[in-house]
Amino acid sequence: MAYFWLQLIMSIVAALHHQIGTADAAAGIGVCYGMLGNNLPAAADVVGLYKKYNIGKMRLFDPNPQALDALRGSNILVTLGMRNEDLPNLASSQEAVDSWFATNVQPYLNDVVFSYISVGNEVVGGVYGQHVAAVMQFLQNTLNANKLSATKVTTVLSADTLGSSYPPFSGAFKPELSNIMGGILGFLSKNGSPLLVNVYPYFAYAGDPVNVRLDYAQFTATGPVVHDGELSYWNLFDAMVDSFIWAVEKMGVTNVNVVVSESGWPSAGNGNLTTPELASTYNRNLMQHVMNNGTPKRPGALIEGFVFALFNENQKAPGVEQNFGLFYPNMTPVYPMFPNSVEDKHPKLPRRLVPD
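The shown structure was predicted, so the numbers you read here are calculated from the model rather than taken from an experiment.

Rules behind the numbers
- Residues numbered from 1 in each chain as written.
- Predicted model: local features only at pLDDT ≥ 70, side-chain atom pairs only at ≥ 80, totals over all residues.
- Heavy atoms only, no water.
- Salt bridge = Lys/Arg side-chain N within 4 Å of Asp/Glu carboxyl O.
- Helix = DSSP H or I, 4+ residues; strand = E, 2+ residues; numbered from the N terminus.
- Buried < 20%, exposed > 50% of the residue type's maximum accessible area, 1.4 Å probe, protein only.
- 1 Å grid on protein atoms, 1.4 Å probe; cavity = no way out; pocket = protein on both sides within 12 Å on 5 of 7 lines; lining within 4 Å.
- Points joined across faces, edges and corners; volume = space filled by probe spheres on them.
- Nonpolar A, V, L, I, M, F, W, Y, C, P; charged D, E, K, R; others polar.
- Right-handed = clockwise from strand over helix to strand, strands pointing away.
- Pairing = 2+ DSSP bridges.
- Axes fitted to C-alpha atoms, helices over the stretch in contact; angles between N-to-C directions.
- Parallel < 35°, antiparallel > 145°, perpendicular 65-115°, else oblique.
- Left-handed = near helix turned anticlockwise from the far one by under 90°.
- Contact = heavy atoms within 4.5 Å.
- Expected span 1.5 Å × (residues − 1).
- Polar contact = N/O pair within 3.5 Å; in protein donor to acceptor, adjacent residues only side chain to side chain.
- pLDDT = per-residue confidence, 0-100.

Concerning the pattern of salt bridges
Here the structure, examined in full by the defined rule, presents ten salt bridges. For Arg298, the salt bridge identified is with Glu249, shortest N-O distance 3.2 Å. Taken together, the residues Arg298 in the loop between helix H11 (276–292) and strand E12 (305–307) and Glu249 in helix H10 (residues 236–250) connect sequence positions 49 residues apart. For Arg298, a relative accessible area of 15% corresponds to the buried category.

Right under this line is the structure:
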């Protein structure tokens with residue numbers, strides 16, 4: 001009976017999520033919980049940190065048992081990833097996916113809410129990309145058998161899947177990916193699932209700071225910077241998201257939403273392009289923008305988003321990759337971000353990112 005009510009609640013949440021749009025910040029923003037560090041706190045403490053700062057959504061890159069156990073009863077909405085290296089085996093049979101599900105999802109269904117399960121992270125365009133569509137279908141079969149209609153199957157793309165992205169109208173997937181993307185988008189369209197994309201204005205700015213304006217990258221421009229036909233872009237984030245949307249539509253699919261599964265700005269590692277002030281400005285504006293706006297191409301659409309990342313992770317590549325965290329491993333903020341933090345001096349964001 002408890003299981004039935006949980007699934008009913010999940011279905012209601014999913015319906016409200018798609019129908020109400022920006023009526024509540026709940027549908028907007030989450031934080032990625034990466035674990036590539038040898039000095040990170042215990043998973044139970046991490047879940048406590050999400051609760052302390054009212055972060056209502058978590059992205060897990062793989063089914064870490066300690067994290068999933070800690071999430072029990074937390075009401076945090078979870079986006080769960082399949083490991084890239086597991087995809088060839090999972091694509092081999094329905095039984096392989098059923099076994100994965102029985103180990104990594106089934107034990108937690110009564111008290112963990114799974115919003116999305118992602119078949120790999122940035123694998124399209126690489127050696128594992130050919131397996132994504134098959135694993136997605138097997139996993140959907142498993143979810144259907146378990147009557148888990150509120151949990152959506154998806155995958156995560158990087159900007160490298162685009163052969164063209166500027167101006168946004170020119171957005172198109174690389175021609176060599178057309179068969180793979182056709183299968184993925186057909187699946188998403190049929191099952192009402194979104195496409196997850198990683199969007200980083202920082203890298204565009206850092207790669208060409210002469211021609212990419214800082215205010216355009218940081219949501220602080222006071223007027224349109226890029227004009228694309230009848231659409232005007234005040235920030236690079238919207239332009240990057242819309243380039244993905246155009247790419248999807250050019251594949252003949254118009255009913256697939258986009259979720260930003262990663263976006264952030266490093267606070268160190270690349271001189272004056274990566275300061276705590278710049279990181280704070282970007283991530284604050286990202287949160288406000290995602291929770292209150294669509295994009296020029298889809299102005300009425302809700303865009304979910306995840307800030308990357310929770311912690312500075314010392315086992316990532318040295319430099320900027322180790323400095324995307326909102327928190328140090330001791331769980332103190334790298335810079336003020338959340339409105340119920342005693343360090344915060346800008347209490348303008350909503351106090352709840354997910355409703356009680």
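From this point, the discussion proceeds with the structure in view.
What about empty space enclosed by the protein?
Tallied over the entire structure, the rule returns four cavities of 30 Å³ or more. Computed from the structure, the largest cavity encloses a volume of approximately 60 Å³. Forming the walls of the largest cavity are Val241, Ile245, Asn257, Val258, Gly294, Thr295, Arg298, Ala301, Leu302 and Ile303. Split by residue class, the lining of the largest cavity holds six nonpolar, three polar and one charged. Mapped onto the lining of the second largest cavity, the elements with two or more residues apiece are strand E2 (57–60), strand E3 (77–81) and strand E4 (113–121). Here the residues of the lining of the second largest cavity are counted per class, giving four nonpolar, five polar and one charged.

Re the pairing of E3
Of all the five residues making up E3, five are buried; the element is thus mostly covered by neighbouring parts of the structure. Each parallel crossover has a hand, and for E2 linked through helix H3 (residues 65–70) to E3 it is right-handed. Sheet topology places E3 next to E4; five bridges connect them, and they run parallel. Counted as the bridge partner of Leu77 is Val113 from E4.

So, the packing of helix H6 (residues 132–145) against helix H7 (residues 178–191)
As a packed pair, H6 and H7 sit with axes 9 Å apart at the nearest point and diverge in direction by 25 degrees. One way to sum up the angle between H6 and H7 is to call them roughly parallel. Like other packed secondary-structure pairs, H6 and H7 cross with a definite hand, here left-handed. Touching Val132, Ala133, Met136, Gln137 and Gln140 of H6 are Gly183, Ile184, Phe187, Leu188 and Asn191, all from H7.

Quick notes on the environment of Leu60
Along the polypeptide, Leu60 turns up in strand E2. Residue classification places Leu60 among the buried positions, given a relative accessible area of 1%. When the C-alpha positions of Leu60 and Thr79 are compared, they lie 6.1 Å apart, and in sequence the two are 19 residues distant. Once residues lying within four places of it in the same chain are set aside, the contact partners of Leu60 are Tyr33, Met35, Ala67, Leu68, Leu71, Val78, Thr79, Leu80 and Gly81.

Some remarks on H10
Side chains of residues three or four places apart in an α-helix project in the same direction, reflecting 3.6 residues per turn. In a regular helix each residue adds 1.5 Å, so 15 residues correspond to 21 Å; H10 covers 21 Å between its end C-alpha atoms and thus fits that length. Where burial is concerned, most of H10 is hidden: 13 out of the 15 residues are buried. Capping the start of H10, Asn235 holds a side-chain oxygen 3.3 Å from the backbone nitrogen of Phe237, two or three residues further along. Looking one or two residues past H10, Gly252 carries a phi angle of roughly 85 degrees, positive in sign.

What about the confidence of the model for the chain?
On average, the chain scores 89 in pLDDT, and the residues at 70 or more come to 87%. Per-residue pLDDT stays below 50 along residues 1–27; that stretch engages in 42 contacts with residues further than four places along the chain or on separate chains. This model gives residues 341–356 a pLDDT under 50, and the stretch forms 41 contacts once residues within four places in sequence are excluded.

Section: the side chain of Ser243
Relative to the assigned elements, Ser243 resides in helix H10. Sequence-distant contacts of Ser243, that is, excluding residues within four places in its chain, are made with Leu162, Ser165, Pro168 and Gly171.

Some thoughts on the environment of Leu286
Here Leu286 lies in helix H11. Spatially, the C-alpha atoms of Leu286 and Gly305 are 8.5 Å apart, while their sequence positions differ by 19 residues. If near-sequence neighbours (up to four positions away) are discounted, Leu286 is found in contact with Phe219, Phe237, Ser263 and Val307.

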